[in-house]
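These are the residues of each chain, in order.
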Amino acid sequence: MLTRDELALVWFDYNDFSFAKTEKILEKFDQIGDIFDKNLVKSAIFDKTFDDDLKERLLKINEEEFADRIYDEFYKYNISAITFTSKNYPEKLKTIDAPPLVLYVRGDESLLNKKSISIVGTRKPTDYGKIVCEKFTKELSSAGLVTVSGLAYGIDTIVAETTLSSGGKTIAVLAGGLDSIYPAQNKSLSERVAKNGLLVSEQRVGVKPAA
């Protein structure tokens, strides 16, 4: 279950608010979850930098209905959400200029804050590239590092498969929502990653991957 503050951040994400804009709005409240309090929203003063209809949008929120919708989606796809305020949110990710408000995950959330290394590359590697990728991946994962890649064709797939076959842990960062595994051929691989590692995306359910 999400806390009220976490649910509020998910609402901002589902309504396409950027990190910067969300941060400005939250300056008007003591707690993030206060956006669900009609009286506090009515008394909040928003200047011209905000959308004209912002207060009206906030007043129209039905907290219970939104929560039910979110939990139904999470249950259907066996996923959960880690918000910017959650304890498992990656500390390093907080240091970038515009971190994702929410990470949607499936698998072992604790991997997000363990020592890791990203290995990415072309979708059409040479035979030499495949051999080197397998060697690096196997040795790095055997040394205890969590490998991170994208689950795409080529190098990404090699990283995930080699890590799992070596008994290591891997994170696959997806371009679309966790209901949209791309490429489709990696559906089975994604299930293995979810079971022995972590699938993660900053995109909510329903968002398709795009070029």
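Small disclaimer: the values here were computed from a predicted structure and weren't measured.

A. Structural context of helix α2 (residues 19-26). Those residues of α2 that fall on the buried side of the exposure criterion are Phe19, Thr22, Ile25 and Leu26. All buried residues of α2 fall inside an arc of 125° around its axis, so they share one side. Buried positions along α2 lie against α1 (4-14) and α4 (54-59).

B. The arrangement of the sheet that holds strand β5 (residues 170-173) in detail. One open sheet holds the 6 strands; their spatial order is β1-β2-β6-β5-β4-β3, and the pairing between them is mixed. The open sheet has two edge strands with one neighbour each: β1 (80-83) and β3 (116-118). Across the sheet, the mean angle from the axis of one strand to that of its neighbour is 25°, orientation sign disregarded. Along the sheet, helix α8 (residues 187-196) makes contact with β2 (102-107), β5 and β6 (198-201), crossing β6 at roughly 105°.

C. View of the layout of surface pockets. By volume, the largest pocket is sized at about 500 Å³. Around the largest pocket, the lining is made up of 23 residues, and of these Pro90, Leu112, Ser116, Val148 and Ile171 lie nearest the centre. For the lining of the largest pocket, the secondary-structure elements that each account for two or more residues are β3, β5 and β6. At 3 residues, β3 tops the list of elements feeding residues into the lining of the largest pocket. Split into classes, the residues belonging to the lining of the largest pocket amount to 13 nonpolar, 5 polar and 5 charged.

D. Highlighting helix α5 (residues 63-77). With 15 residues, α5 ought to run about 21 Å at 1.5 Å a step, and its terminal C-alpha atoms sit 21 Å apart, in line with that. If you check which residues of α5 are buried, you get Phe66, Ala67, Ile70, Glu73 and Phe74. Buried residues along α5 cover an arc of 130° about the axis, so they all sit on one side. Those residues of α5 that are exposed and angled more than 90 degrees off the buried face are Glu64, Glu65, Asp72, Tyr75 and Lys76. On its buried face, α5 sits against α1, β1 and β2. At the N-terminal boundary of α5, the capping side chain belongs to asparagine 62, with an oxygen 3.3 Å from the backbone nitrogen of glutamate 64. Of the residues flanking the end of α5, it is asparagine 78, one or two places downstream, whose phi is positive at about 55°.

E. Fine view of the pattern of salt bridges. All chains considered together, the criterion is met by 8 salt bridges. The salt bridge partner of glutamate 63 is arginine 4, with a shortest N-O separation of 3.0 Å. One end of the pair, glutamate 63, is in helix α5; the other, arginine 4, is in helix α1, with 59 residues separating them in the sequence. Members of the salt-bridge network, linked through shared partners, are Arg106, Lys187 and Glu191.

F. Looking closely at the environment of leucine 103. Note on placement: leucine 103 falls in strand β2. In this structure the C-alpha to C-alpha distance between leucine 103 and glutamine 31, which are 72 residues apart in sequence, comes to 20 Å. Excluding its chain neighbours within four sequence positions, the residues that come into contact with leucine 103 are Ser80, Ala81, Ile82, Tyr89, Pro90, Leu93, Leu112, Val200, Ser201 and Glu202.

Rules of the game
Residues numbered from 1 in each chain as written. Predicted model: local features only at pLDDT ≥ 70, side-chain atom pairs only at ≥ 80, totals over all residues. Heavy atoms only, no water. Buried < 20%, exposed > 50% of the residue type's maximum accessible area, 1.4 Å probe, protein only. Helix = DSSP H or I, 4+ residues; strand = E, 2+ residues; numbered from the N terminus. Arc of directions from axis to C-beta. Contact = heavy atoms within 4.5 Å. Pairing = 2+ DSSP bridges. Axes fitted to C-alpha atoms, helices over the stretch in contact; angles between N-to-C directions. 1 Å grid on protein atoms, 1.4 Å probe; cavity = no way out; pocket = protein on both sides within 12 Å on 5 of 7 lines; lining within 4 Å. Points joined across faces, edges and corners; volume = space filled by probe spheres on them. Nonpolar A, V, L, I, M, F, W, Y, C, P; charged D, E, K, R; others polar. Expected span 1.5 Å × (residues − 1). Polar contact = N/O pair within 3.5 Å; in protein donor to acceptor, adjacent residues only side chain to side chain. Salt bridge = Lys/Arg side-chain N within 4 Å of Asp/Glu carboxyl O.

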